[in-house]
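Overview (structure and organization)
This is what each chain is made of:
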Amino acid sequence: MIVSASQQPVFKWPKENKNTILDVLKQTKDSDWVLTPEGSLSGYCTDQTHELKSDEYGPALKEVEDYLIENKRNMLLATGHVESNGLPYNQIRLYKEGQFNGAYAKRLLTNHRDAAGELFYYIAGQEPHIYYLDEDNTILASSLICNDIWAFPKMSPQGNPYFYNEFKKYDVKIVFCSVNCNIDHLDPLVYEWHENHLRLFSREFEMYTVVSGATTDMRGTPVNHIQCPSGVIGPDGEWIEKCKDSGSDIATVEIKL
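Scoring rules and cut-offs
- Residues numbered from 1 in each chain as written.
- Predicted model: local features only at pLDDT ≥ 70, side-chain atom pairs only at ≥ 80, totals over all residues.
- Heavy atoms only, no water.
- Phe/Tyr/Trp six-rings, centres within 6.5 Å; stacked < 30°, edge-to-face > 60°.
- Buried < 20%, exposed > 50% of the residue type's maximum accessible area, 1.4 Å probe, protein only.
- Lys NZ or Arg CZ within 6 Å of the ring centre and 35° of its normal.
- Pairing = 2+ DSSP bridges.
- Helix = DSSP H or I, 4+ residues; strand = E, 2+ residues; numbered from the N terminus.
- Expected span 1.5 Å × (residues − 1).
- Arc of directions from axis to C-beta.
- Contact = heavy atoms within 4.5 Å.
- Core = buried A, V, L, I, M, F, W, Y, C linked by side-chain atoms within 4.5 Å.

**Observations regarding the packing of aromatic side chains**
Following the criterion strictly, the structure yields 8 aromatic pairs and no others. Between tyrosine 121 and tyrosine 122, the aromatic rings sit 6.5 Å apart at their centres with planes inclined by 50°, giving tilted as the arrangement. Exposure remark for tyrosine 121: the relative accessible area of 25% places this residue in the partly exposed category. By the ring-pair criterion, three or more aromatic residues cluster together here, those being Tyr162, Tyr164, Phe167, Phe201 and Phe205. The ring centre of phenylalanine 163 lies 3.7 Å from the NZ or CZ of arginine 107, which sits over that ring.

Laid out in structure tokens, this is it:
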């Protein structure tokens, strides 16, 4: 199974993001699964870009979905999305051979006593999304989004629920993590916090972790560094392939399961 983690810009507007996503799909035609960063289509934490509040989002999503259907592609598309209940969620949407097959909604939304954080923009998800990657329904995977993984202390007053524990119960083999956490300057200690959580969870729970992060800051402005590395980590906690530490890049790895 060939998986690709895309490190790419996440702009404010869906039209720009759609073009980036289609370009990534064209660059990864041999990949069985492609993962994008948090908010990669909608933009991150911007109420202008949710489906019911933007003229751009609906058509952009349709164009991506039409491409997936036409080319029978498998994709994990991270985006803010307003569901049929009228509520906005920070999601990873699953497409198998182009067909929508459910979504994971971020559960550990960032917030603290002085700021609502993501709670201002999204409704928290309540459950995991466990799914099969292969036609024979033998390889289980799941998804997490950014703070779900490391529960950044200042923004996670309830601590870390360690979602990898529940994945182990289901015998999940691969965890797909979408990330968007850059600030306007590089904080090496935060970089280490993010990377160490990803590597340690992979090793301790013996799972592959696929990580896709943004090359822009959380407002959609390009930066020349990243706050969390992208790539593919093996069950031993070591990087199989790691994207460069700035700019767009794609890590593609063949995983033998």
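That covers the picture; the talk isn't over yet.
**Here we look at the pairing of strand S11 (residues 239–242)**
Where strand S10 (residues 231–233) meets S11, 3 bridges bridge the pair, whose relative direction is antiparallel. Pairing of isoleucine 233 across the sheet is with tryptophan 239, part of S11.

**Observations concerning helix H2 (residues 57–71)**
For H2, which comprises 15 residues, the first-to-last C-alpha distance of 21 Å matches the rise-based estimate of 21 Å (1.5 Å per residue) to within 8%. Tyr57, Ala60, Leu61, Val64, Tyr67 and Leu68 are the residues of H2 that are buried. For H2, the arc enclosing every buried residue in end-on projection is 125°, short of the 170-degree limit, so these residues lie on one face. Among the exposed residues of H2, those oriented more than 90 degrees off its buried face are Pro59 and Glu70. At its buried positions, H2 is contacted by helix H1 (14–27), strand S3 (75–82) and strand S4 (88–96). Phi turns positive, to about 50°, at lysine 72, one or two residues after H2.

**Re the nonpolar core**
Most often, soluble globular proteins keep nonpolar side chains buried together rather than apart. Of all hydrophobic cores here, the largest spans 42 residues; its most connected members are Leu144, Tyr164 and Phe176. Setting aside anything within four residues of it in sequence, one finds phenylalanine 176 in contact with Val3, Trp33, Leu35, Leu76, Ile92, Tyr131, Leu133, Ala141, Ser142, Ser143, Leu144 and Val210. One finds Leu25, Ala60, Tyr67 and Leu68 within the second-largest nonpolar core, a separate group that totals 13 residues.

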